[in-house]
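# Structural description and commentary
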Amino acid sequence: MKKTIILSMVCAVIVAFSTPVGATPIEKLKNGFTDIIKSPLEVVDHTKAEAKEAKFLPFGVMGGLLKGTFYMGKKVVGGVIDVVTFPIE
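Residues numbered from 1 in each chain as written. Predicted model: local features only at pLDDT ≥ 70, side-chain atom pairs only at ≥ 80, totals over all residues. Heavy atoms only, no water.

### Section: the overall build of the chain
Formally: Strands here are runs of E lasting at least two residues and helices are runs of H or I lasting at least four, both read from the DSSP assignment and numbered beginning at the N terminus. Think of it in three bands: residues with accessible area under 20% of the maximum for their type are buried, residues over 50% are exposed, and the middle band is partly exposed, with areas taken using a 1.4 Å probe on protein chains only. Residue contacts are defined here by distance: any two heavy atoms, one from each residue, within 4.5 Å place the two residues in contact. Per-residue and other accessible areas follow the Shrake-Rupley method at a 1.4 Å probe size, with only the shown protein chains counted as cover for residues.
Looking only at helices and strands, the chain has 4 helices and 0 strands in total. When the helices and strands of the chain are listed from N to C terminus, the series reads α-α-α-α. Counting over 89 residues, the chain shows a buried share of 17%. At a minimum sequence separation of 6, the contacts of the chain that also span at least 24 residues come to 67%. Working note: accessible area of the chain is about 7000 Å², and carbon and sulfur atoms make up 75% of it.

### A closer look at the pattern of salt bridges
Using the following cut-off: The term salt bridge refers to a side-chain nitrogen of Lys or Arg lying within 4 Å of a carboxyl oxygen of Asp or Glu.
Throughout the structure, instances matching the rule amount to 2 salt bridges. Between Glu42 and Lys75 there is a salt bridge, with the nearest N and O atoms lying 3.4 Å from each other. Of this pair, Glu42 sits in helix H3 (residues 41-53) while Lys75 sits in helix H4 (residues 57-84); the two residues are 33 residues apart in sequence, bridging distant segments of the chain. You can call Glu42 buried: its relative accessible area is 18%. Between Glu50 and Lys67 there is a salt bridge; the shortest N-O distance is 3.2 Å. Of this pair, Glu50 sits in helix H3 while Lys67 sits in helix H4, placing them 17 residues apart in sequence. On the basis of relative accessible area, Glu50 is assigned to the partly exposed category, the value being 22%.

### Details of the packing of aromatic side chains
Note the following rule: Any pair of Phe, Tyr and Trp rings, taking the six-membered ring for Trp, is counted once the centres come within 6.5 Å. Such a pair is stacked with planes under 30 degrees apart, edge-to-face with planes over 60 apart, and tilted for the rest.
In the structure shown here, the tally under the stated rule is 2 aromatic pairs. Between Phe56 and Phe59, the ring centres sit 5.0 Å apart and the planes meet at 70 degrees, which makes this aromatic pair edge-to-face. Accessibility expressed as a relative area gives 61% for Phe59, which makes it exposed. Note on Phe70 and Tyr71: the rings are 5.2 Å apart at their centroids and 75 degrees apart in plane angle, and the pair reads as edge-to-face.

### Some words on the packing of helix H2 (residues 25-38) against H4
Angle between the axes and distance between the axes are the two parameters that describe a pair of packed helices. Operational definition: Axis definition: a line fit to C-alpha positions, over the contact stretch in the case of helices; interaxial angles, taken between N-to-C directions, run 0 to 180 degrees. Here the word oblique covers every angle except those under 35 degrees (roughly parallel), over 145 (roughly antiparallel) and from 65 to 115 (roughly perpendicular). Each crossing is labelled by how the near helix is turned from the far one, with a counterclockwise turn of less than a right angle marking it left-handed and a clockwise turn marking it right-handed. Asp, Glu, Lys and Arg are counted as charged, while Ala, Val, Leu, Ile, Met, Phe, Trp, Tyr, Cys and Pro are counted as nonpolar; the rest, among them Gly, fall into the polar class.
Axis separation between H2 and H4 bottoms out at 8 Å; the angle between their running directions is 155 degrees. It follows that H2 is roughly antiparallel to H4 by the angle criterion. Both H2 and H4 take part in a crossing whose hand is left-handed. Together, Lys28, Leu29, Gly32, Phe33, Asp35 and Ile36 of H2 and Lys75, Val76, Gly79, Val80, Asp82 and Val83 of H4 make up the contact between the two elements. The residue inventory of the contact of H2 with H4, partitioned by class, reads 6 nonpolar, 2 polar and 4 charged.

Here you go:
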């Protein structure tokens, strides 16, 4: 059972970090810079969404800020990886 879980986790990581086959290096570079530039919008979007759903507004805002910051960091890291590895095809 443990080997199956480990194998499925490895496959999930490989699929998550693989690039599309049809992407040209220039598209990959452009998409990387776009992800980096648009990443702060994640904080705003998640803060608004969590504030609308929260029963107590300060908790919703704080939860949205934390969630948005996490997704912003994730998008920045993905964009940086795309920018750094764009010549590798």
